Amino acid sequence: MKVGVFDSGLGGLTVVEAISKFFKGAEIFYIADTLFAPYGEKSKEQILNRSLNITNYLLRKYEIEALIVACNTATSAAIKELRQKFKNLIVIGTEPGVKPAITKTQTKNIGVLATPATLNGEKYKDLVAKLSKDSEINVYETACAGLMDQIEDGKIFHPDTHAMLKKWLDPMKENGVDTIVLGCTHYPLISDVIRDIMGTNIELIETGEAIARRLDELCSKKGHCDRSELKIEVFYTGKIKKDMINIILENWQDGGKIEIKEENE
């Protein structure tokens, strides 16, 4: 099974890491689109075109059979069009785990950390509106502008990162939030910092394992699964901190820098 995965940076590697624990027998081709980052500050049209270009590249170069959009922002902007255009491709998106958060919370107060584009996206708004009708919950949302850049730069435990998070998390703490949705695939990398501010009993909801299980389920249905060795190759379109890849993944192969041609302008 050949699987393409992309994100605006290294955050989607948290999804790949979850896949590596659960799903064997695949070649994973990961693209960190750092040249175009951050997606959260781009328009929907820009993100859609970029997502189409990356998918075309992965199909042409590696003949992928499954695609994982390991980015909440890109999922919101492009998942519908990707499924319509590439009907023979397994396409799996990422969305904030509001639904599992509802099953975890005791106080009925849920926090959501995400990019501005994710929070403003129609897909996220529809999800929260639908779930809020069925459950009596309070949702405290924060658009974490600049946080992804801190993580990409490897500043996980930097004082500036801690200060940013404290500014966003203190109001949640005051409002009795006991469950926080990590609405960006980068954010699991700062889980320890969040727990330091909110307390160790805070529930953090991420989606990597759910995506890994969904991949396994869909591959099994199509008869594509085998249990051979898992291979992971990482590519990047701009600058990247390779030591961060080593922190997230083991035994990965450096595919080097690539160029994504603009095919859909």
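It should be emphasised that the depicted structure is a prediction, and the values quoted were computed from it without experimental measurement.

Turning next to the overall build of the protein. Tallying secondary structure elements over the protein gives 11 helices and 10 strands in all. Dimensions along the principal axes, computed over C-alpha positions, put the protein at roughly 50 × 40 × 40 Å. Per-residue burial for the protein yields a buried fraction of 56% across its 265 residues. Across the protein, every contact between residues at least 6 apart in sequence was considered, and the portion connecting residues at least 24 apart equals 75%. The protein carries 35 positive and 39 negative side-chain charges, and their two centres are separated by 4 Å.

Scanning all chains against the criterion turns up 4 aromatic pairs. Taking 5.9 Å as the distance between ring centres and 70° as the angle between the ring planes, the aromatic pair formed by Phe-36 and Tyr-39 counts as edge-to-face. For the pair shown, Phe-36 and Tyr-39 are each scored as buried. For the ring pair Tyr-62 and Phe-235, a centre distance of 5.4 Å and an interplane angle of 40° mean the geometry is tilted. Taken together, the residues span a long stretch of sequence, with Tyr-62 in helix 2 (residues 44-62) and Phe-235 in strand 9 (residues 231-236) at a distance of 173 residues. We note that Tyr-62, like Phe-235, is buried. Taken together, Phe-29, Tyr-57, Tyr-62 and Phe-235 form an aromatic cluster joined through their ring pairs. It is Lys-42 that lies over the ring of Phe-36; its NZ or CZ is 5.0 Å from the centre.

Moving on, we get to the pattern of salt bridges. Summed over the entire model, instances satisfying the criterion amount to 8 salt bridges. Residue Lys-242 pairs with Asp-254 through a salt bridge whose shortest N-O separation is 2.7 Å. Of this pair, Lys-242 sits in helix 11 (residues 242-248) while Asp-254 is found in strand 10 (residues 253-257), placing the two residues 12 residues apart along the sequence. Look at Asp-254 and you get partly exposed, because its relative accessible area is 34%.

All right, on to the sheet that holds strand 8 (residues 203-205) then. The strand order across the open sheet formed by 4 strands is 6-5-7-8, and the pairing between neighbours is parallel. If you trace the sheet from one side to the other, it starts and ends with strand 6 (138-143) and strand 8, each paired once. The average undirected angle you get between the axes of adjacent strands in this sheet is 20°. Pairing of strand 7 (residues 179-182) with strand 8, which is carried by 3 bridges, proceeds in the parallel orientation.

The buried fraction of strand 9 is high, at 5 of 6 residues. In this structure, strand 2 (residues 27-32) lies alongside strand 9, joined through 6 bridges in parallel fashion. Across the sheet, Ala-32 pairs through a bridge with Tyr-236, a residue of strand 9. The sheet contact formed by strand 9 and strand 10 spans 4 bridges and is parallel. In the strand pairing of strand 10, Glu-233 is matched with Gln-253. What joins strand 9 to strand 10 is helix 11, and the crossover it makes is right-handed.

Procedures and definitions
Residues numbered from 1 in each chain as written. Predicted model: local features only at pLDDT ≥ 70, side-chain atom pairs only at ≥ 80, totals over all residues. Heavy atoms only, no water. Helix = DSSP H or I, 4+ residues; strand = E, 2+ residues; numbered from the N terminus. Buried < 20%, exposed > 50% of the residue type's maximum accessible area, 1.4 Å probe, protein only. Contact = heavy atoms within 4.5 Å. Lys, Arg positive; Asp, Glu negative; His and termini not counted. Charge placed at Lys NZ, Arg CZ, Asp CG, Glu CD. Phe/Tyr/Trp six-rings, centres within 6.5 Å; stacked < 30°, edge-to-face > 60°. Lys NZ or Arg CZ within 6 Å of the ring centre and 35° of its normal. Salt bridge = Lys/Arg side-chain N within 4 Å of Asp/Glu carboxyl O. Pairing = 2+ DSSP bridges. Axes fitted to C-alpha atoms, helices over the stretch in contact; angles between N-to-C directions. Right-handed = clockwise from strand over helix to strand, strands pointing away.

Any functional reading would require information beyond the geometric quantities listed.
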